[in-house]
Amino acid sequence: MIVASEISELKKILSTWKQNGDSIGFCPTMGTLHAGHMDLVETSKKQCSKTIVSIFINPTQFNDPKDFAAYPKNTDADLKLCEEKGVDLVFLPNVDVMYPKTSTPIQMSIPSLQSSLCGRTRPGHFEGVLQIVAKLFHLTEPNFAFFGLKDYQQFRVISAMVEELNFPIQVVGVPTKRESDGLAMSSRNLRLTPKDRETASLIPRMFQLAKKTIMGGERDLKVWKEILTDFLLTGMNVKIDYLEVVDPITLQPVTNLSGKILLATAVFVGEVRLIDNEILNCPPT
Ligand code: AMP
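Residues numbered from 1 in each chain as written. Predicted model: local features only at pLDDT ≥ 70, side-chain atom pairs only at ≥ 80, totals over all residues. Heavy atoms only, no water.

**Comments concerning the site of the ligand**
- Neighbouring residues of the ligand: 17 residues in total, closest M30, G148, D151, K177 and M185.
- Contact between the ligand and M185: a nitrogen atom at 2.8 Å from a main-chain N or O atom of the residue.
- For the ligand, whose unbound accessible area comes to 480 Å², protein coverage reaches 93%.
- Within the residue set of the shell around the ligand, elements represented by two or more residues are β2 (24-29), α2 (35-47) and β5 (144-148). (Near = heavy atom within 4 Å. Polar contact = N/O pair within 3.5 Å; in protein donor to acceptor, adjacent residues only side chain to side chain. Areas by Shrake-Rupley, 256 points an atom, 1.4 Å probe, with all protein chains shown as cover. Helix = DSSP H or I, 4+ residues; strand = E, 2+ residues; numbered from the N terminus.)

**A look at the pairing of strand β3 (residues 50-55)**
- Across the six residues that make up β3, a large majority, five, are buried.
- Looking at chain direction, β2 and β3 are connected through six bridges and run parallel. Paired with C27 across the bridge in β3 is V53.
- Crossover handedness for the path β2 to α2 to β3: right-handed. (Buried < 20%, exposed > 50% of the residue type's maximum accessible area, 1.4 Å probe, protein only. Pairing = 2+ DSSP bridges. Right-handed = clockwise from strand over helix to strand, strands pointing away.)

**Some remarks on the domain arrangement of the protein chain**
- On domain assignment, one finds that the protein chain holds domain 1 (2-174) and domain 2 (187-277).
- One C-alpha centre belongs to domain 1, the other to domain 2; they are set 27 Å apart.
- Across the contact, 24 residues belong to domain 1 and 18 residues belong to domain 2.
- When the two sides are added together, the surface that domain 1 and domain 2 hide from each other amounts to roughly 1,800 Å², 52% of it contributed by carbon and sulfur.
- Among the residues of domain 1 in contact with domain 2, L117, K150 and Y152 are the three that bury the most area, contributing 30% of the side total. (Domains from an automatic or database assignment. Contact = heavy atoms within 4.5 Å. Buried area = accessible area lost by both parts, 1.4 Å probe.)

**Section: the packing of helix α1 (residues 7-19) against helix α8 (residues 125-140)**
- Interaxial distance between α1 and α8 falls to 9 Å at its minimum, and their mutual angle equals 50°. One finds that α1 runs oblique with respect to α8. Residues I7, L10, K11 and L14 of α1 form the contact with α8, whose own contacting residues are H138, L139 and T140.
- Among the residues making up the contact of α1 with α8, the classes are represented as four nonpolar, two polar and one charged. (Axes fitted to C-alpha atoms, helices over the stretch in contact; angles between N-to-C directions. Parallel < 35°, antiparallel > 145°, perpendicular 65-115°, else oblique. Nonpolar A, V, L, I, M, F, W, Y, C, P; charged D, E, K, R; others polar.)

**Describing the nonpolar core**
- Counting 46 residues, the largest nonpolar core has F91, M98, V133, F137, F147, I158 and M161 as the members making the most contacts within it.
- By residue number, the principal contributor to this core is α8, which donates nine residues.
- Mapping this core onto the domain boundaries places at least three of its residues in each of domain 1 (2-174) and domain 2 (187-277).
- When near neighbours in sequence (up to four residues on either side) are disregarded, M161 contacts M108, I110, L130, V133, A134, F137, N166 and F167.
- Counting residues in hydrophobic clusters, the runner-up holds 26 residues, among them V238, V254, V272 and L274. (Core = buried A, V, L, I, M, F, W, Y, C linked by side-chain atoms within 4.5 Å.)

As C-alpha cells, this is what we get:
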C-alpha cells in the first residue's frame with residue numbers, strides 16, 4: 001500500500017495507473033476508520049482495479065471549532081486497517097497541502113439542497129464539504145466515488161455537484177453499516193460515555209418505531225413526528241437537533257406520509273452529535 005502526503009506523489013502514481021488503463025475508485029474519509037468505511041472500500045474493490053482512500057479532517061466543514069478540535073484521530077490504526085483491506089493508496093495530506101496559506105478562499109453551495117437537515121442547522125458545513133470533495137476529485141481523478149448513505153444529505157449534495165458540474169465520475173451510495181443494536185457506525189461513537197452509548201440506541205429504535213407506526217396505519221405526519229420525538233426524548237441527555245421528513249431527491253419537506261420519504265435526524269447525546277436517516281416507503285394514502 002502506498003501512502004502519499006504530497007500532491008506530486010499522488011499525481012505520479014495516478015499517471016502510471018491511468019497509463020495502465022486502471023479504473024480508480026475513491027473513498028474520501030476523515031479517518032478513525034471503522035467497518036462502515038471499510039464497506040466503501042469493499043464496494044470500490046469490487047468495481048475498480050485501484051482503490052484510493054483519503055484521510056483528511058477538513059477544517060472548512062466544521063462550523064463549531066470545538067467539534068473540530070474534539071474530532072478523533074487514529075492514523076496508525078487507520079493505515080493498518082487500509083492495508084489489511086487491500087487499499088492501494090492512502091492520500092494523507094496535511095492542512096497546508098489542501099489549503100496553502102497563499103490560497104484564495106472559494107465558496108460553493110447548492111442552496112436548494114442545503115436549506116434542510118444538516119444544511120440548516122450547521123451553516124457553512126456543506127460549503128466546506130463541496131469545497132474539499134471538489135478538490136479531492138480533481139486530485140484523485142476517480143472513475144467512481146463511494147459515499148455512505150448514513151450521510152444521505154452529503155451523498156445527495158455531492159451527486160448534484162457531480163451532475164451539475166459534469167465531473168466525469170460516478171457517485172455510488174453505500175448502505176449504512178450498523179452496530180449490533182442498530183446504531184449507525186460513526187467515528188463519533190467513540191466519544192460517547194458508556195451511559196450515553198446505551199442511550200444512543202434510541203435512534204435506531206426510533207426508526208423501527210417509525211416503520212411500525214406507519215404500517216400500523218398512522219397517516220398524520222404531525223402526530224407521527226410527535227410520537228417519534230417523544231420516544232427520542234425519553235433518553236437522558238438527549239437533545240434533538242432536527243427530526244425532519246423530506247423528499248429524498250429535492251430534500252424539501254413533505255406534507256404527507258405517502259410514497260418515498262426520507263426520515264432524517266440529528267441528535268445530541270451528551271456532547272456528541274449523531275446523525276441517521278432512512279428512506280421509507282409509505283403505502284399510498
Ligand atoms: P467520515 O469519515 O465520517 O467523513 O465518513 C467518510 C465516508 O464514510 C462518508 O461517505 C460516510 O458517509 C461513510 N460512512 C461513515 N459511517 C458509515 C457507516 N456507518 N456506514 C456506511 N458508510 C459510512
